[in-house]
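As a plain string of letters, each chain reads:
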Amino acid sequence: MELDWEFMEETLPKVWAGAGVTMELTLLSLLLALPIGFYLAVIRLHGCKTLQGIVRSYVSFVRGTPIVLQILLLYSLLPSVLNVLVQAMGWQINIFEAVDPFWYAVVVFTINTVALLAEVFRSALNSIPRGQMEAGLAIGLSSLQVYLRVIIPQAMVVAMPSICNITVNLVKGTSLAFLMTVKDIMAIGKIAASFGYNYLEAYIDVFFVYLVLCTIIQIFYHLVEGRIGAFRGKRA
Amino acid sequence: MLMSIRGVSKSFNGAEILKNVNMDIDQGDVVVILGPSGSGKTTFLRCLNFLEQADGGTMEFHGEKLQLASASKQAIADIRKKTAFVFQNYNLFANKTALENVTLGLTAGRGISKREAREIGLEALQKVGMLERAEYYPSQLSGGQQQRVGIARAIAVKPDVILFDEPTSALDPELVGEVLQVMKSLAQEEGITMIVVTHEMKFAQDVATHVVFMADGVVVEEGSAEDIFSHPKEARTRQFLQRILPEQFEMAALI
Ligand SMILES: Nc1ncnc2c1ncn2[C@@H]1O[C@H](COP(=O)(O)OP(=O)(O)OP(=O)(O)O)[C@@H](O)[C@H]1O
Ligand SMILES: [Mg+2]
């Protein structure tokens with residue numbers, strides 16, 4: 001079997017162009033999910049019992065169902081729900097045309113990432129020894145001050161490897177956005193592939209682009225972790 | 001009288017850990033608290049700066065009296081600003097350098113400017129012999145060095161009283177001396193008021209103005225170091241000292 005190198009060379013830039021959409025989807029979901037996930041983690045640790053229960057159920061719902069299912073569910077549900085709302089408001093908008101599926105993808109991946117981050121932040125905050133808070137209170141800081149200056153900076157370092165994992169998984173996970181007709185790396189690769197039946201070549205291109213993206217992300221996180229975690233001293 | 005503590009009680013899960021503990025502290029006093037493990041020494045200290053909430057008891061501090069069980073947030077914040085705590089396991093802020101550990105209570109806690117805080121911080125580090133390590137993180141310091149930074153953090157805020165909870169018991173034996181030396185000079189040269197839970201008898205004998213022996217949540221006996229070590233009245237005190245200071249105790253018994 002021969003690889004069609006020419007086709008691969010031609011397709012690579014097109015697939016690479018999809019990296020923009022993939023990264024937009026990833027970053028947007030991540031940036032939306034970070035504050036919400038953090039907030040849910042704080043609720044899990046300090047909120048009232050009812051709220052804690054709600055957050056716990058939310059997390060186990062998201063973690064306990066396949067993301068493909070969540071995508072299909074939301075993609076069939078969300079537009080119709082929005083449509084009902086818009087109709088109720090009496091607006092003359094056709095939701096099915098007006099909203100780029102990209103935004104549905106953002107919603108799905110944000111919902112998913114929030115749940116993952118809530119767990120990560122919860123365990124990271126929990127991992128900081130109680131003595132840190134007590135020492136802060138004892139020198140006259142408020143608990144909020146101790147949180148902001150001592151606990152959270154340390155918890156972030158603890159959370160960094162998991163956030164890196166979540167980000168990489170998110171990049172890979174967004175490949176499912178083609179189910180919602182979003183033109184990301186995967187979607188472009190599939191279209192190119194079916195064009196001349198050069199499936200293998202197209203998928204190798206796709207493979208390569210994901211590999212590069214994920215490697216860059218991991219290097220980035222490694223650098224950030226080294227920087228904000230400098231206080232831990234020399235470690236491998 | 002700097003601090004007058006009356007009737008402190010505290011239970012955990014129905015077990016009475018502190019039963020009506022009283023203590024008076026004058027300016028410049030070094031009160032050493034001794035007692036077997038589990039007698040409630042740590043709990044008592046923690047009740048004084050509200051790391052633990054006592055079930056009952058009062059504290060008069062600078063002429064202001066407050067209920068330990070129901071002090072307002074504001075009153076608690078005030079007490080914490082006038083006291084400092086040195087922990088058994090140091091509890092330095094892991095993400096802060098030695099100097100930042102010392103200055104945080106000044107800048108964030110008391111609104112002192114960064115520059116002034118830095119000066120006070122360096123001076124405090126100097127007093128504990130840690131000036132050269134000002135920019136080190138706790139992870140880069142030995143236990144003894146960490147504890148000295150812990151002490152610098154406590155003295156930097158110029159508290160009226162410093163509470164020490166077994167400040168040397170987590171240290172390797174060869175590092176104990178450096179920390180005790182620092183505490184001794186703070187007491188004798190700076191006249192800092194301290195309440196110290198420790199089993200370092202030499203320190204108690206040399207530095208304590210007052211020794212309190214606690215067992216099972218009550219003050220069994222108190223007096224000068226001389227009183228307690230050489231002429232203990234209570235059987236429980238004698239038993240305890242016999243275990244801690246066997247040689248000396250036998251000597252004393254012979255005389
Ligand atoms: N947060 C807590 N919850 C439940 N029990 C506690 C708590 N803190 C302390 N205790 C109990 O209170 C008792 C007294 O503890 P405390 O730490 O005050 O003793 P201590 O005199 O400092 O002992 P040591 O010399 O071992 O440090 C112990 O039996 C301990 O198990
Ligand atoms: Mg103790």
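Whatever comes next refers back to the structure up there.
Residues numbered from 1 in each chain as written. Chains lettered and ligands numbered in written order. Predicted model: local features only at pLDDT ≥ 70, side-chain atom pairs only at ≥ 80, totals over all residues. Heavy atoms only, no water.

Caption draft 1: Looking closely at the nonpolar core. Residue and element names in this part refer to chain B. Val8, Ile33, Phe44 and Ile195 are the most contacted members of the largest nonpolar core, which has 101 residues in total. The residues contacting Val8, other than those within four sequence positions of it, are Leu18, Lys19, Asn20, Val21, Phe44, Cys47, Ala54, Gly56, Gly57 and Leu68. Of all hydrophobic cores here, the second largest spans 54 residues; its members include Leu92, Leu99, Val211 and Ala225. (Core = buried A, V, L, I, M, F, W, Y, C linked by side-chain atoms within 4.5 Å. Buried < 20%, exposed > 50% of the residue type's maximum accessible area, 1.4 Å probe, protein only. Contact = heavy atoms within 4.5 Å.)

Caption draft 2: Focus on the pairing of strand S2 (residues 15-25) of chain B. All names here are of chain B. Where strand S1 (residues 3-12) meets S2, 7 bridges bridge the pair, whose relative direction is antiparallel. If you follow Met3 over to S2, its bridge partner there is Ile25. Once S1 ends, the chain turns through 2 residues before running back antiparallel as S2, passing Asn13 with a positive phi of about 45°. (Pairing = 2+ DSSP bridges. Helix = DSSP H or I, 4+ residues; strand = E, 2+ residues; numbered from the N terminus.)

Caption draft 3: Structural context of the site of ligand 1. Residues and elements named next belong to chain B. Around ligand 1 sit Phe12, Asn13, Ile17, Pro36, Ser37, Gly38, Ser39, Gly40, Lys41, Thr42, Thr43 and Glu166, and those are all the residues in its vicinity. Note that an oxygen atom of ligand 1 is positioned 2.6 Å from one of the side-chain N or O atoms of Thr42. Burial of ligand 1 by the protein chains amounts to 61% of its free accessible area of 630 Å². The dominant element in the shell around ligand 1, judged by the number of residues it contributes, is helix H1 (residues 41-48), at 3 residues. Broken down by class, the residue content of the shell around ligand 1 amounts to 3 nonpolar, 7 polar and 2 charged. (Near = heavy atom within 4 Å. Polar contact = N/O pair within 3.5 Å; in protein donor to acceptor, adjacent residues only side chain to side chain. Areas by Shrake-Rupley, 256 points an atom, 1.4 Å probe, with all protein chains shown as cover. Nonpolar A, V, L, I, M, F, W, Y, C, P; charged D, E, K, R; others polar.)

Caption draft 4: Quick look at a negative patch on the surface. Residue and element names in this part refer to chain A. Judged by side-chain charge, Asp4, Glu6, Glu9 and Glu10 come together as a negatively charged surface patch. Structurally, the position occupied by Glu10 is in helix H1 (residues 5-46). On the basis of relative accessibility, which here comes to 48%, the residue Glu10 falls in the partly exposed class. (Patch = residues over 30% accessible without salt bridge, like charges linked within 9 Å, V, L, I, M, F, W, Y side chains within 5 Å. Salt bridge = Lys/Arg side-chain N within 4 Å of Asp/Glu carboxyl O. Lys, Arg positive; Asp, Glu negative; His and termini not counted. Charge placed at Lys NZ, Arg CZ, Asp CG, Glu CD.)

Caption draft 5: Region of the structure containing the environment of Ile219 of chain A. Residue and element names in this part refer to chain A. Examined against the element boundaries, Ile219 turns out to sit in helix H9 (residues 199-228). Owing to a relative accessible area of 48%, Ile219 belongs among the partly exposed residues under this scheme. C-alpha of Ile219 to C-alpha of Phe231: the two residues are 12 residues apart in sequence and 20 Å apart in space.

Caption draft 6: Here's a closer look at the sheet that holds S2 of chain B. Residue and element names in this part refer to chain B. Pairing within the open sheet is antiparallel, and its 4 strands lie in the order S2-S1-S4-S5. Every other strand in the sheet has two partners, leaving S2 and strand S5 (64-67) as the edge strands with one partner each. Taken pair by pair, the neighbouring strands of this sheet meet at an average axis angle of 15°, ignoring direction. Two elements, S1 and strand S4 (residues 56-61), share 5 bridges in a ladder whose sense is antiparallel. Each bridged residue has a counterpart across the sheet, and for Ser4 the counterpart in S4 is Glu60. Against the sheet, H1 makes contact with S1, S2 and S4, and its axis sits at roughly 120° relative to S1, the strand it touches most. (Axes fitted to C-alpha atoms, helices over the stretch in contact; angles between N-to-C directions.)

Caption draft 7: Broad picture of a nonpolar patch on the surface. A cluster of nonpolar side chains, namely Leu77, Val81 and Leu85 of chain A, defines an oily patch on the protein surface of about 270 Å² accessible area. Relative to the elements of secondary structure, Leu85 of chain A occurs in helix H3 (residues 67-89).

Caption draft 8: Quick peek at the interface of chain B and chain A. With 24 residues of chain B at the contact, the number on the chain A side is 20 residues. When the buried surface of chain B facing chain A is broken down by residue, Arg80, Phe93 and Asn95 of chain B rank first, second and third, together holding 28% of it. The tally of links from chain B across to chain A stands at 1 salt bridge. Here Glu134 of chain A ties to Arg46 of chain B by a salt bridge, and the two come within 2.8 Å at their closest N and O atoms. Joining chain B to chain A, the criterion identifies 9 residue pairs in polar contact (both at pLDDT 80 or more). Going through the elements one at a time, helix H2 (73-82), strand S6 (83-86) and helix H3 (98-110) of chain B are the ones with two or more residues in the side of chain B that touches chain A. When residues of the side of chain B that touches chain A are assigned to their parent elements, the largest contribution, 5 residues, is made by H3 of chain B. Of the residues belonging to the side of chain B that touches chain A, the class tally is 10 nonpolar, 8 polar and 6 charged. (Buried area = accessible area lost by both parts, 1.4 Å probe.)

Caption draft 9: Representation of the sheet that holds strand S3 (residues 30-34) of chain B within the structure. Residue and element names in this part refer to chain B. Strand order in the open sheet formed by 6 strands is S6-S7-S8-S3-S9-S10, with mixed pairing between adjacent strands. The strands lining the two open edges of the sheet, one partner per strand, are S6 and strand S10 (218-223). The average angle at which neighbouring strand axes cross in this sheet is 20°, direction not considered. Direction of pairing for strand S9 (residues 210-215) relative to S10: antiparallel, over a ladder of 5 bridges. From the neighbouring strand, Ala215 faces S10, where its bridge partner is Val218. In the packing of helix H5 (residues 143-156) onto the sheet, contacts are made with S6 and strand S7 (161-165), and the angle to S6 comes to roughly 175°.

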